[in-house]
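Per-entry structural report
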Amino acid sequence: MKPVFVLTALMMGAIVTFFVWFERFRLHRGRLERGCEWVEQMNSYGAVGFSMVAYVSLLLVAVLDCKQYYHIHITLLVVFLSAAGIATYWTIAEYMLLDASYRRFHRLRISYACKFIWVTAELVLVIPFSVLSLVEMGIPGAIFEWVSRTRTK
């Protein structure tokens, strides 16, 4: 089963990273004010960069099993959840630069507010998960891992 898990993590990470890249560099052309082009690029590179870090850490989580590499596995899982959250924050930062006269601005406000609440809750749950798991309190750490991972789906 481990090869299937590794292959699934590889495919999922590649697809998510591709779509973050695609969204950043193809769909958002011309949506921000002209004076903010360098900020748009910074947000784009931040989102893509952190999604790549999340992808690599997810792949390593799949390869390094919890039984043989417990502390490395937990650390990489925390890196994955944190990097995915930070990539989402870069996306939210891009929204903050949109002009209020943009025709879909008000619809996007609700979407990005929900995304902000969701990711903040995930990152708050990562802290007790990492602490409880690294001090080897398995059951409570597993509960926080389960809750935080169901929020990211």
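Because the structure is predicted, anything quoted here is derived from the model rather than measured. (Residues numbered from 1 in each chain as written. Predicted model: local features only at pLDDT ≥ 70, side-chain atom pairs only at ≥ 80, totals over all residues. Heavy atoms only, no water.)

**Regarding the overall build of the protein**
Rules: Secondary structure elements follow DSSP: runs of H or I of four or more residues count as helices, runs of E of two or more count as strands, with numbering from the N terminus. Residue burial is assigned from relative accessible area. The probe radius is 1.4 Å, only protein chains are included, and a residue is buried under 20% of its type maximum, exposed over 50%, and partly exposed in between. Throughout, a contact is declared for two residues whenever any of their heavy atoms are within 4.5 Å. Calculation of accessible area relied on Shrake-Rupley with a 1.4 Å probe; when residues are assessed, cover is drawn exclusively from the protein chains displayed.
The secondary structure content of the protein amounts to five helices and zero strands. If you list the helices and strands of the protein from N to C, you get α-α-α-α-α. The proportion of buried residues among the 153 residues of the protein is 35%. Excluding contacts between residues fewer than 6 apart, the proportion of contacts in the protein whose partners are at least 24 apart in sequence is 69%. By element, 72% of the accessible surface of the protein is carried by carbon and sulfur atoms, the whole surface being about 9,600 Å².

**Observations regarding the side chain of Ser51**
Note the cut-off: Pairs of N or O atoms are called polar contacts if they sit within 3.5 Å, as long as, within protein, a hydrogen donor faces a hydrogen acceptor (for residues adjacent in sequence, only side-chain-to-side-chain pairs).
Within the secondary structure layout, Ser51 lies in helix α2 (residues 37-63). Only 2.8 Å separates the side chain of Ser51 from the backbone oxygen of Val48, close enough to count as a polar contact. When residues no more than four places from it in sequence are discounted, the contact partners of Ser51 are Thr17, Val20 and Ala87.

**Here we look at the UniProt feature "transmembrane region" (unreviewed entry) in the protein**
Note the threshold: UniProt positions are given in the numbering used here, feature names are shortened, and annotations may be inferred rather than shown by experiment.
In the UniProt entry, the feature "transmembrane region" (unreviewed entry) is given for residues 6-22, 43-64, 70-92 and 112-135. Split by type, residues 6-22 is 100% helix and 0% strand. Its first and last C-alpha atoms lie 24 Å apart. Note that residues 70-92 is 100% helix and 0% strand, and that its end C-alpha atoms are spaced 33 Å apart.

**Topic: the nonpolar core**
Filter applied, for reference: What we call a nonpolar core is a set of buried Ala, Val, Leu, Ile, Met, Phe, Trp, Tyr and Cys residues that are connected through their side-chain atoms within 4.5 Å.
One finds Leu77, Phe80 and Phe129 to be the most contacted residues of the largest nonpolar core, which totals 15 residues. When residues of this core are traced back to their parent elements, those giving at least two are α2, α3 (70-96) and α4 (105-134). In terms of residues, this core owes the most to one element, α3, which gives seven residues. Among residues more than four places away in sequence, those in contact with Phe80 are Ala54, Ser57 and Leu58. Among the nonpolar cores identified, the runner-up in size contains five residues, and Tyr95, Phe105, Leu108 and Tyr112 belong to it.

**Describing α4**
Stated precisely, the cut-off is as follows: For a helix, the expected span equals 1.5 Å multiplied by the residue count minus one.
Here α4 is 30 residues long and its end C-alpha atoms lie 42 Å apart, about the 44 Å a rise of 1.5 Å per residue gives. Those residues of α4 that sit buried are Phe105, Leu108, Tyr112, Val119, Glu122, Leu123, Leu125, Val126, Phe129, Ser130, Leu132 and Ser133. Positive backbone phi, at 60°, marks Glu136, one or two positions downstream of α4.

**Description of the packing of α3 against α4**
To keep things clear, this is the line we draw: Axis lines are fitted through C-alpha atoms, for helices just across the contact stretch, and the angle between N-to-C directions can take any value from 0 to 180 degrees. Throughout, the term roughly parallel applies to angles under 35 degrees, roughly antiparallel to angles over 145, roughly perpendicular to angles from 65 to 115, and oblique to all others. In this scheme the handedness of a crossing depends on how the near helix is turned from the far one: anticlockwise by less than a right angle means left-handed, clockwise means right-handed. Polar here means any residue outside two lists: the nonpolar Ala, Val, Leu, Ile, Met, Phe, Trp, Tyr, Cys and Pro, and the charged Asp, Glu, Lys and Arg; Gly therefore counts as polar.
The N-to-C vectors of α3 and α4 enclose an angle of 160°; their axes lie 9 Å apart at closest approach. Relative to α4, the element α3 lies roughly antiparallel. The chirality of how α3 crosses α4 is left-handed. Its residues assigned to classes, the contact of α3 with α4 shows 17 nonpolar, nine polar and three charged.

**Regarding the environment of Gly49**
Locating Gly49 in the fold gives a position in helix α2. Overall, the relative accessible area of 29% leaves Gly49 in the partly exposed class. Spatially, the C-alpha atoms of Gly49 and Trp21 are 9.3 Å apart, while their sequence positions differ by 28 residues.

**Details of the environment of Glu122**
Structurally, Glu122 can be placed in helix α4. Judged by its relative accessible area of 4%, Glu122 is buried. Taking the C-alpha atoms as reference, Glu122 lies 8.3 Å from Val147; in sequence the two are 25 residues apart.

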